[in-house]
2 protein chains.
Amino acid sequence: MTSSTKLTRSLVDVAMGRAPADLVIRGGKWVSVQSGEIIPNTDIAVVNGHIAFVGSDASHTIGKKTQVIEAKGRFLVPGLLDAHMHVESGMVTVTEFVRAVAVRGTTGMFIDPHEIANVFGLKGVKLMVDEAQKQPIHVWVQMPSCVPSAPGLETPGSSIGPKEVTEAMKWKGIIGLGEMMNFPGVFMSDKKMLDEMSATHAAGKTIGGHYASPDLGLPFHGYVAGGAEDDHEGTRVDDAIARVRQGMKPMLRYGSSWFDVAAQVKAITERKIDPRRFILCTDDSHAETLTQEGHMDRVLRHAISEGLNPMTAIQMMTINSAEHFGLSKEMGMIAPGRWADIVLVSDLMKFKAEMVIAKGQVIAENGELLVDLPSVKYPSWVTKSVHLKKALKAQDFILRTRAVDGSEVDAHVIGVIENQAPTRHLRMKVKAENGEVKSDLKHDLAKIALVERHLATGKVTVGLVNGFEFTRKCAIGSTVAHDSHHMIVVGTDDENMAIAANELAKCGGGQIVVMNGEVIGLVDLPIAGLMSNERADVVAKKAGTVLEGFKACGCELNNPNMQLSLLALVVIPELRISDLGLVDVTKFDFIPVLED
Amino acid sequence: MTSSTKLTRSLVDVAMGRAPADLVIRGGKWVSVQSGEIIPNTDIAVVNGHIAFVGSDASHTIGKKTQVIEAKGRFLVPGLLDAHMHVESGMVTVTEFVRAVAVRGTTGMFIDPHEIANVFGLKGVKLMVDEAQKQPIHVWVQMPSCVPSAPGLETPGSSIGPKEVTEAMKWKGIIGLGEMMNFPGVFMSDKKMLDEMSATHAAGKTIGGHYASPDLGLPFHGYVAGGAEDDHEGTRVDDAIARVRQGMKPMLRYGSSWFDVAAQVKAITERKIDPRRFILCTDDSHAETLTQEGHMDRVLRHAISEGLNPMTAIQMMTINSAEHFGLSKEMGMIAPGRWADIVLVSDLMKFKAEMVIAKGQVIAENGELLVDLPSVKYPSWVTKSVHLKKALKAQDFILRTRAVDGSEVDAHVIGVIENQAPTRHLRMKVKAENGEVKSDLKHDLAKIALVERHLATGKVTVGLVNGFEFTRKCAIGSTVAHDSHHMIVVGTDDENMAIAANELAKCGGGQIVVMNGEVIGLVDLPIAGLMSNERADVVAKKAGTVLEGFKACGCELNNPNMQLSLLALVVIPELRISDLGLVDVTKFDFIPVLED
């Protein structure tokens with residue numbers, strides 16, 4: 001007898017009362033997302049992690065050893081699913097992410113490990129898949145599609161192409177292709193991109209989309225024709241409507257810094273579009289958001305506050321998401337045959353998970369996790385991924401010039417814009433002093449260094465940045481430096497920059513603030529230089545020291561560490577830095593820092 | 001480059017205007033089932049059979065050789081899908097079924113070749129799969145699950161079990177498991193049934209259901225727990241609601257003799273259940289219905305007349321059906337990447353297909369088929385499947401008795417009930433004459449003979465039947481004799497019965513009426529004794545001669561040939577006949593015809 005037959009037989013036997021259930025929930029209000037109804041006085045019987053029976057009376061399934069939970073009229077909601085998200089954005093491991101969100105009612109996550117893939121390639125993805133499989137909730141992995149994001153403009157930590165995608169599609173735990181963000185590549189019929197999508201389609205899996213442009217003209221139509229099946233990059237109501245009409249699933253995103261639900265939900269509430277193909281997701285949640293505000297429960301409360309009725313909002317993070325990934329036979333609704341993923345709440349609008357059942361097990365109650373999470377040992381290639389050729393010295397951060405001492409030099413300076421991902425390409429006059437150009441507090445001119453950290457080439461590219469408004473001798477470093485995740489260091493003092501780089505390397509990566517030679521802020525992220533295996537609340541607190549550190553150095557920007565982490569993302573205009581030099585992203589070409 | 005990448009590239013290139021479309025439809029009203037909207041002034045561009053672009057202006061995709069169709073404001077409807085049906089019920093081949101329905105707007109059918117599987121087993125299924133693949137519309141095959149339907153009570157033509165199901169799941173063209181009608185087997189955890197369903201589930205395919213009981217108690221719950229994903233056997237509004245709540249898809253059936261839409265559609269129109277998981281299908285359509293009334297267009301008109309709004313009704317035979325079988329990336333909506341299956345109509349309510357496009361090709365216009373259908377050659381094992389040991393004689397139909405001449409004998413008589421599938425188990429007194437019991441017009445007592453026709457065993461089982469009300473010396477024979485499809489002959493005269501059997505064998509099977517030694521009605525069905533490869537209208541006309549023949553013999557029953565064809569179906573109470581004897585279906589055991 002196959003294991004599948006064994007499971008089915010146990011479900012039938014329990015439903016018929018021939019065998020006892022493992023768990024019975026009695027007397028709840030069944031949120032039947034499949035019929036759009038709330039049905040009172042419902043019992044649920046569970047065996048082998050799965051739902052065997054849902055009906056008005058499950059007493060025939062109760063045996064001596066059956067665990068009985070009295071719902072006492074509370075709502076029985078299918079476990080919440082986050083249809084697209086990056087674990088790395090929480091700066092914690094898969095396990096610690098699960099610890100933070102399972103208590104909130106999340107029982108399934110579809111994660112795109114794009115960041116670790118940029119560091120470790122396919123073996124980084126495998127690491128995430130393996131850790132995902134061990135969780136008490138469902139964690140599915142989307143195979144990253146665009147690694148590196150800008151071939152030729154930087155030395156990537158790793159790369160992924162059609163061959164790797166084809167390989168990964170055979171893995172248990174890979175649910176589809178991660179967001180296809182090279183949208184120009186798609187609408188220009190780039191073979192590599194189309195091959196990755198074909199490999200996914202051939203495997204019967206779901207192709208994630210990412211069309212980050214307001215242009216709904218031909219490029220959008222060309223992108224859609226390429227086969228992406230969802231998109232979370234829409235921001236306007238017309239974006240959502242265009243996507244659903246074209247056969248894509250609009251994923252409305254509500255992350256720590258993404259607020260794309262309010263505008264787009266009007267497609268349903270005002271424009272009366274059928275909501276069946278709309279999905280809610282977070283994309284990126286910081287550890288602090290997770291611990292302070294929540295995860296999909298937060299999205300649900302927000303979506304309801306924006307006018308969605310609770311049933312529709314819940315459908316958009318349960319059955320709709322499950323259907324999207326071809327999983328509606330397994331999850332996304334409370335019905336026989338599905339995993340017993342059930343959240344008990346007293347109030348659908350306020351949605352506070354009082355009890356969370358996942359895979360048939362009570363995993364959390366009133367915010368407390370009741371199960372042990374896997375203890376994952378990471379090999380040293382994972383925890384020691386910051387490879388410097390040698391310890392760095394102040395002189396490694398000198399910006400040299402051939403210009404005559406005392407003369408002025410034209411410089412291309414990266415201009416940070418508060419709360420925006422694009423940068424400005426600034427042209428500033430800077431002074432040559434003894435063969436170098438120094439940072440200049442008065443003109444808000446700091447140095448920015450890109451330290452190669454994957455191959456230990458010893459390469460340090462030095463440039464100039466404006467906008468951080470540092471007032472002190474300081475340096476701030478980060479190995480969270482999208483997308484290749486080299487080490488990026490900004491600072492007003494070469495000595496401090498060297499300290500920041502060396503200290504960060506020592507702890508395996510993370511984010512660091514050094515002022516006057518002292519480390520005043522640090523979140524260590526030893527897993528690939530991107531994630532910590534400490535608890536999310538601990539990591540949130542440590543990340544807080546970095547934010548405080550920015551302030552202490554005089555920087556009052558909102559989200560300065562996010563700004564910092566994007567300065568090497570050589571696909572977003574206008575000016576970025578890579579280990580190969582300064583990049584004019586409007587031309588996809590290098591330019592010198594100094595016109596000397 | 002894979003063929004999939006080539007296709008995608010062509011779609012992107014056309015969408016972007018870099019390559020010309022094969023076909024452009026201009027200026028239609030887009031029935032966007034995915035968003036629930038009707039969008040005027042829509043153009044569609046098609047290449048390689050697929051939709052490349054849908055939008056307000058496709059003029060950039062028109063090249064010199066592009067075929068341009070002016071919709072002139074007509075509706076552009078996704079091609080209609082019949083989510084569950086048996087081709088054999090139309091008494092025509094797959095090809096001839098397609099000929100009859102493609103002009104009506106059907107562009108996809110999900111067929112369960114249960115009948116031919118009972119005759120030929122797996123190779124019969126393969127025959128249908130092969131023919132299905134050659135059609136200009138999409139024909140998917142569901143692997144029959146219950147062959148024979150009553151092991152031990154008859155000599156089957158063939159049998160199917162988990163091994164055959166596992167094998168068939170690997171075939172291109174097999175979309176899932178055909179209706180699991182052994183519902184007691186499922187709720188009793190019969191290993192063979194569960195194994196068949198497991199094999200289907202493991203292949204990622206859809207398990208068709210069939211729960212033909214009004215009992216919505218534990219047996220229903222047990223059946224659901226077994227994993228069937230749809231059910232077309234519901235007849236009441238509560239049947240539909242129970243199914244959708246339990247995670248199944250209710251398939252509302254409107255066939256030639258099934259009228260299950262009106263009652264169940266109230267779940268949507270009155271009880272306001274979310275219609276997303278409701279599906280419309282025909283199950284069984286006779287050739288006459290197809291040619292006179294239509295196919296899914298007929299179901300659509302009916303569903304609308306029962307109060308469904310046209311958008312919902314269309315969704316229930318397009319996107320809902322496609323999603324059910326995991327095909328919504330391929331069909332079920334008008335959107336890029338999907339097959340170009342489009343029906344042009346002027347009126348959604350009256351729904352008359354004016355133009356039908358399937359796989360990107362204009363296949364029909366105003367009821368005329370514009371494409372050649374495949375010319376299928378059937379091997380002789382298919383067309384010569386009625387195997388008699390030798391030509392039958394009148395004495396083969398004698399019902400012998402040991403009773404003394406002139407005495408009365410207690411007989412178990414099959415009682416036909418008009419318009420119902422169940423029969424009555426009648427106990428009648430019959431007269432022994434010279435060692436035999438004869439038919440008796442006065443008491444409406446005819447003979448019924450089950451002639452073994454698969455293995456040429458020469459076995460003829462003779463019994464008695466009441467209810468046909470024959471008034472003449474006659475015999476009516478049929479090789480459509482569910483489910484094993486032996487030959488069944490009823491009659492009032494042994495000589496006529498022999499003629500009917502022999503003539504039927506000669507033409508490879510079908511249905512025949514013999515009166516006073518003359519053949520007065522005949523539809524020859526040489527393909528497995530079940531189907532004709534003539535056109536549906538020709539077959540309908542021939543089938544009409546059989547119905548006329550029944551009347552000429554005095555039988556005024558409604559649908560007498562359907563009654564006849566069910567008399568050997570040894571799973572429906574109360575009394576049936578098989579090649580192994582008379583069967584008391586209430587006890588699943590044999591009983592003698594005569595208590596002599």
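These numbers come from a predicted model, not from an experiment.

Reading guide: rules and limits
- Residues numbered from 1 in each chain as written.
- Chains lettered and ligands numbered in written order.
- Predicted model: local features only at pLDDT ≥ 70, side-chain atom pairs only at ≥ 80, totals over all residues.
- Heavy atoms only, no water.
- Helix = DSSP H or I, 4+ residues; strand = E, 2+ residues; numbered from the N terminus.
- Rg over C-alpha atoms; globule rule 2.2 N^0.38 Å.
- Buried < 20%, exposed > 50% of the residue type's maximum accessible area, 1.4 Å probe, protein only.
- Contact = heavy atoms within 4.5 Å.
- Lys, Arg positive; Asp, Glu negative; His and termini not counted.
- Charge placed at Lys NZ, Arg CZ, Asp CG, Glu CD.
- Phe/Tyr/Trp six-rings, centres within 6.5 Å; stacked < 30°, edge-to-face > 60°.
- Lys NZ or Arg CZ within 6 Å of the ring centre and 35° of its normal.
- Buried area = accessible area lost by both parts, 1.4 Å probe.
- Salt bridge = Lys/Arg side-chain N within 4 Å of Asp/Glu carboxyl O.
- Polar contact = N/O pair within 3.5 Å; in protein donor to acceptor, adjacent residues only side chain to side chain.
- Core = buried A, V, L, I, M, F, W, Y, C linked by side-chain atoms within 4.5 Å.
- Axes fitted to C-alpha atoms, helices over the stretch in contact; angles between N-to-C directions.
- Parallel < 35°, antiparallel > 145°, perpendicular 65-115°, else oblique.
- Left-handed = near helix turned anticlockwise from the far one by under 90°.
- Nonpolar A, V, L, I, M, F, W, Y, C, P; charged D, E, K, R; others polar.
- Pairing = 2+ DSSP bridges.
- Least-squares fit on C-alpha atoms with pLDDT ≥ 70 in both.
- Expected span 1.5 Å × (residues − 1).

A few words on the overall build of chain A. Each helix and strand counted, chain A has 19 helices and 30 strands in total. Relative to the globule expectation of 25 Å for 596 residues, the C-alpha radius of gyration of chain A, 25 Å, shows essentially globular dimensions. Each principal axis of the C-alpha atoms in chain A carries an extent, and together these give about 90 × 50 × 45 Å. Residues counted as buried form 65% of the 596 residues belonging to chain A. The long-range fraction of contacts in chain A, counting pairs at least 24 apart against all pairs at least 6 apart in sequence, stands at 68%. Measuring between centres, the 62 positive side-chain charges of chain A sit 5 Å from its 72 negative side-chain charges.

Each aromatic ring pair is summarised here by two numbers: the centre-to-centre distance and the angle between the ring planes. Residues and elements named next belong to chain A. Using the criterion set out here, one finds 16 aromatic pairs over all chains in the structure. Look at F468 and F470: their rings are 5.4 Å apart centre to centre, the planes differ by 15°, and that puts the pair in the stacked class. Residue F468 is classed as buried on the basis of its relative accessible area, which comes to 1%. By relative accessible area, F470 is classed as buried at 3%. Each member of the aromatic cluster is reached from another via a ring pair, and the members are F183, Y211, F220 and Y223. The positively charged end of K29 is found above the aromatic ring belonging to F75, 4.8 Å away from the centroid.

Think of interface size as the accessible area that goes away when the parts come together; that is how it is often given. Chain A puts 64 residues into the contact, and the matching count from chain B is 64 residues. Carbon and sulfur atoms supply 52% of the area buried between chain A and chain B, which totals about 5100 Å² over both sides. Broken down residue by residue, the surface that chain A buries against chain B is led by R245(A), R276(A) and K329(A), which jointly contribute 14%. Taken together, the links from chain A to chain B amount to eight salt bridges. Seen at the junction of chain A and chain B, the total is 34 residue pairs in polar contact (both at pLDDT 80 or more). For the side of chain A that touches chain B, the leading source of residues is helix α1 (residues 3-16) of chain A, giving nine residues.

General note: in soluble globular proteins, nonpolar side chains tend to be found buried as a group. V77(A), M109(A), F397(A), L464(A), F468(A), F470(A) and V489(A) are the most contacted members of the largest nonpolar core, which has 181 residues in total. Contacts of L464(A), omitting those with residues within four sequence positions, involve L399(A), A411(A), V413(A), I414(A), V430(A), V437(A), L445(A), A446(A), K447(A), I448(A), V593(A) and L594(A). Among the nonpolar cores identified, the runner-up in size contains 179 residues, and V31(B), W171(B), M296(B) and I476(B) belong to it.

This part is about the packing of helix α8 (residues 218-225) of chain A against helix α1 (residues 3-16) of chain B. With their axes 8 Å apart at the nearest point, α8(A) and α1(B) run at an angle of 165° to one another. The angle between α8(A) and α1(B) falls in the class roughly antiparallel. Along this stretch, α8(A) crosses α1(B), giving a crossing that reads as right-handed. Residues L218(A), P219(A), H221(A), G222(A) and A225(A) of α8(A) form the contact with α1(B), whose participating residues are T8(B), L11(B), V12(B), A15(B) and M16(B). For the contact of α8(A) with α1(B), the residue count by class is seven nonpolar, three polar and no charged.

A few words now on the pattern of salt bridges. All names here are of chain A. Within this structure, the stated rule accounts for 60 salt bridges over all chains. As a salt-bridge pair, D239 and R243 come within 3.8 Å of each other at their nearest N and O atoms. Of the two residues, D239 and R243 both sit in helix α9 (residues 237-245), four residues apart, roughly one turn of that helix. Exposure remark for R243: the relative accessible area of 0% places this residue in the buried category. Within the structure, one salt-bridge network assembled from shared partners comprises D231, R236, D239 and R243.

Here we take up the sheet that holds strand β13 (residues 279-281) of chain A. All names here are of chain A. Strand order in the open sheet made by the three strands is β11-β12-β13, with parallel pairing throughout. Among the strands making up the open sheet, the edge pair consists of β11 (230-231) and β13. The pairing of strand β12 (residues 249-253) with β13 spans three bridges and is classified as parallel. Pairing of M251 across the sheet is with I279, part of β13.

Residue and element names in this part refer to chain B. When helix α9 (residues 237-245) is considered as a whole, its buried residues turn out to be D239, A240, I241, A242, R243 and V244. Next to the buried residues of α9 lie α8 (218-225), β11 (230-231), β12 (249-253), α10 (261-264) and α11 (266-269). Looking at the residues trailing α9, positive phi occurs at G247, about 90°.

Of the transformation placing chain A onto chain B, the axial shift is 0.0 Å and the rotation is 180°, giving an RMSD of 0.1 Å. The operation mapping one copy onto its partner corresponds to a two-fold rotation axis. Both copies share a contact surface, since 100% of the interface residues of chain A are interface residues in chain B too.

All names here are of chain B. Counting buried positions over the six residues of strand β3 (residues 50-55) gives six, a clear majority of the element. Two elements, strand β2 (residues 37-47) and β3, share five bridges in a ladder whose sense is antiparallel. Its bridge partner being in β3, A45 is matched across the sheet by F53.

This part covers the packing of helix α7 (residues 191-202) of chain A against α1(B). Running from amino to carboxyl end, α7(A) crosses α1(B) at an angle of 120°, the nearest separation of the two axes being 9 Å. Classified by the interaxial angle, the pair formed by α7(A) and α1(B) is oblique. The element α7(A) and its partner α1(B) pack so that their crossing is right-handed. Mapping the contact onto sequence places K191(A), L194(A), D195(A) and S198(A) in α7(A) and S4(B), T5(B), T8(B) and R9(B) in α1(B). Counted by class, the contact of α7(A) with α1(B) contains one nonpolar, four polar and three charged residues.

A separate point is the sheet that holds strand β27 (residues 518-524) of chain A. Residue and element names in this part refer to chain A. The sheet built from ten strands is open, its strands ordered β18-β21-β20-β19-β23-β22-β25-β24-β26-β27 with mixed pairing. The open sheet is flanked by β18 (399-400) and β27, the only strands paired with a single partner. This element, helix α17 (residues 494-506), spans β21 (436-437), β22 (445-451), β24 (474-478), β25 (487-491), β26 (510-515) and β27 of the sheet and lies at about 150° to β26. This element, helix α18 (residues 536-552), spans β24, β26 and β27 of the sheet and lies at about 145° to β27.

Okay, the side chain of S89(B) next. All names here are of chain B. Here S89 lies in the loop between β6 (80-85) and α2 (94-102). Taking relative accessible area as the criterion, S89 reaches 18% and is therefore assigned buried. The contact partners of S89, leaving out residues within four places of it in the chain, are D283, D284, S285 and H286.

Moving on: the environment of V343(A). All names here are of chain A. One can find V343 in strand β14 (residues 342-345). Measuring from C-alpha to C-alpha, the distance between V343 and I268 comes to 25 Å, with 75 residues separating the pair along the chain. When sequence neighbours within four positions are dropped, the list of residues in contact with V343 reads F75, L76, V77, P78, G79, G105, F351, A353, M355 and V356.

What follows covers the environment of G337(A). Residues and elements named next belong to chain A. Mapped onto the fold, G337 is located in the loop between α15 (319-324) and β14. Relative accessible area serves as the criterion here: at 23%, G337 is assigned to the partly exposed category. Each C-alpha atom, one on G337 and one on T8, is 7.7 Å from the other, the two residues being 329 residues apart in sequence. If we ignore the near neighbours within four places in the chain, the residues touching G337 are L11, H50, I51 and K329.

Let us look at unusual backbone geometry. A cis amide bond links V147(B) to the next residue, P148(B), at an omega of -5°. On the secondary structure map, P148(B) appears in the loop between β8 (138-143) and α5 (162-168). Look at the link from H482(B) to D483(B): it is a cis peptide, with omega at -10°. Position of D483(B) relative to the elements: it lies in the loop between β24 (474-478) and β25 (487-491). A positive phi angle, close to 50°, is found at N48(A), a residue other than glycine. If you trace the backbone, N48(A) turns up in the loop between β2 (37-47) and β3 (50-55).

On to helix α4 (residues 122-133) of chain A. Residue and element names in this part refer to chain A. Taking 1.5 Å of rise per residue, twelve residues should cover 16 Å, and α4 covers 17 Å from first to last C-alpha, within 8% of that figure. Burial in α4 covers these residues: G124, V125, L127, M128, V129, E131 and A132. On its buried face, α4 sits against α2 (94-102), β7 (106-111), α3 (114-120), β8 (138-143), β9 (174-180) and α16 (380-383).

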